[in-house]
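Residue strings, one per chain:
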Amino acid sequence: MDNQVDKYIETINIITGSKQLKVFGFMKIFLPLQLIIIFFNINVSAQSAYEILQAVDFFNYTKLERGEWKLSYKETEIGGSPYLNSEFIEGSVYTNSKICYVGIPLRYNIYNDRIEFQTEDGTPQVMTVPEILEKAEFGENTLEYSVYKVNNRIKRGYFVVTEKGDATLYSRPRVIFEGAKSAEPFKAPEPPKFIRQSDEYYIRVGMKPAVIISKKRDIEVLFPEHKAEIRTFIKENKININRSESLTELVKFYNSL
């Protein structure tokens with residue numbers, strides 16, 4: 001019994017990084033298993049929790065860069081919008097170091113693939129080190145900065161989280177820029193404009209790069225261990241790879257297997 005309790009004490013010391021439990025001395029044989037479980041649960045909870053900091057802490061922490069246009073036109077001269085949400089929405093930024101910055105005005109520039117935030121004086125800035133980001137939440141949107149694969153090339157970019165689990169469904173909004181058009185006979189000139197395109201859908205399995213879903217075959221390749229079940233589900237439920245709701249059903253099904 002004494003040897004077994006010694007092992008429990010040693011385990012707790014390793015978990016907590018503390019030697020203080022040794023002060024129990026001869027009383028350690030009375031240390032109940034329930035207390036050991038409590039110590040373990042508290043430590044696990046502490047490791048998974050986020051430290052909550054305010055927007056001003058985020059402004060001081062992150063590298064700032066002015067959110068300027070990459071184009072030769074002024075914003076007021078361009079029609080349409082490059083943004084997922086044109087106005088800043090108060091949200092939260094979660095970092096990989098388990099810090100949550102709250103109360104930050106955020107918006108996502110689809111065209112530049114950058115998250116912008118607004119400082120206290122109203123100046124728009126861009127997050128120039130997206131690698132620190134675990135996720136950003138604002139309004140109804142949750143964005144993650146993820147690795148993905150396109151034409152056998154590995155890239156990184158922002159994605160809107162549609163369904164989260166062992167397999168994660170992402171949507172990737174798209175915007176193209178169309179330059180100004182000169183006047184033609186019987187046709188007035190047109191100003192430059194941003195044009196919103198259909199979203200692209202990606203699935204990421206575990207920590208592998210996200211893969212674009214352009215045909216049903218792409219889905220079967222992603223889930224080789226459940227190929228038959230996935231194929232049957234797609235057929236029976238008439239899964240449409242161009243519809244978010246349809247792909248969400250599919251990913252939920254896979255995550256339930």
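Higher on the page you've got the structure.
To start, this report covers the structure provided alongside it. All values derive from a computational prediction rather than experimental measurement. (Residues numbered from 1 in each chain as written. Predicted model: local features only at pLDDT ≥ 70, side-chain atom pairs only at ≥ 80, totals over all residues. Heavy atoms only, no water.)

1. Here we look at the overall build of the protein chain
(1) Moving on: Scanning the protein chain from terminus to terminus reveals six helices and 11 strands.
(2) Moving on: Residue burial in the protein chain is summarised as follows: out of 257 residues, 36% are buried.
(3) Moving on: Relative to all contacts within the protein chain whose residues are 6 or more apart in sequence, the contacts with residues 24 or more apart total 55%.
(4) Moving on: Per element, the accessible surface of the protein chain, about 15600 Å² overall, is 52% carbon and sulfur. (Helix = DSSP H or I, 4+ residues; strand = E, 2+ residues; numbered from the N terminus. Buried < 20%, exposed > 50% of the residue type's maximum accessible area, 1.4 Å probe, protein only. Contact = heavy atoms within 4.5 Å. Areas by Shrake-Rupley, 256 points an atom, 1.4 Å probe, with all protein chains shown as cover.)

2. A look at helix α6 (residues 244–256)
(1) Moving on: For α6, which comprises 13 residues, the first-to-last C-alpha distance of 18 Å matches the rise-based estimate of 18 Å (1.5 Å per residue) to within 8%.
(2) Moving on: Those residues of α6 that sit buried are S246, L247, T248, L250, V251 and Y254.
(3) Moving on: Among the structural elements, β8 (153–163), β9 (167–178), β10 (193–205), α4 (216–222) and α5 (227–236) are those in contact with the buried residues of α6. (Expected span 1.5 Å × (residues − 1).)

3. Section: unusual backbone geometry
(1) Moving on: For N151, which is not a glycine, the phi torsion comes out positive at approximately 50°.
(2) Moving on: With respect to the helices and strands, N151 occurs in the loop between β7 (141–150) and β8.
(3) Moving on: Judged by its relative accessible area of 70%, N151 falls in the exposed class.

4. Here's the deal with the pattern of salt bridges
(1) Moving on: A full pass over the atoms with the stated rule returns 14 salt bridges.
(2) Moving on: With its nearest N and O atoms 3.2 Å apart, the salt bridge here joins K215 to D218.
(3) Moving on: Residue D218 is classed as buried on the basis of its relative accessible area of 14%.
(4) Moving on: Residue R231 is joined to E220 by a salt bridge in which the shortest nitrogen-to-oxygen separation is 3.2 Å. Separated by 11 residues along the polypeptide, R231 in helix α5 and E220 in helix α4 bring together distant segments of the chain. (Salt bridge = Lys/Arg side-chain N within 4 Å of Asp/Glu carboxyl O.)

None of this, on its own, says anything about what the molecule does.
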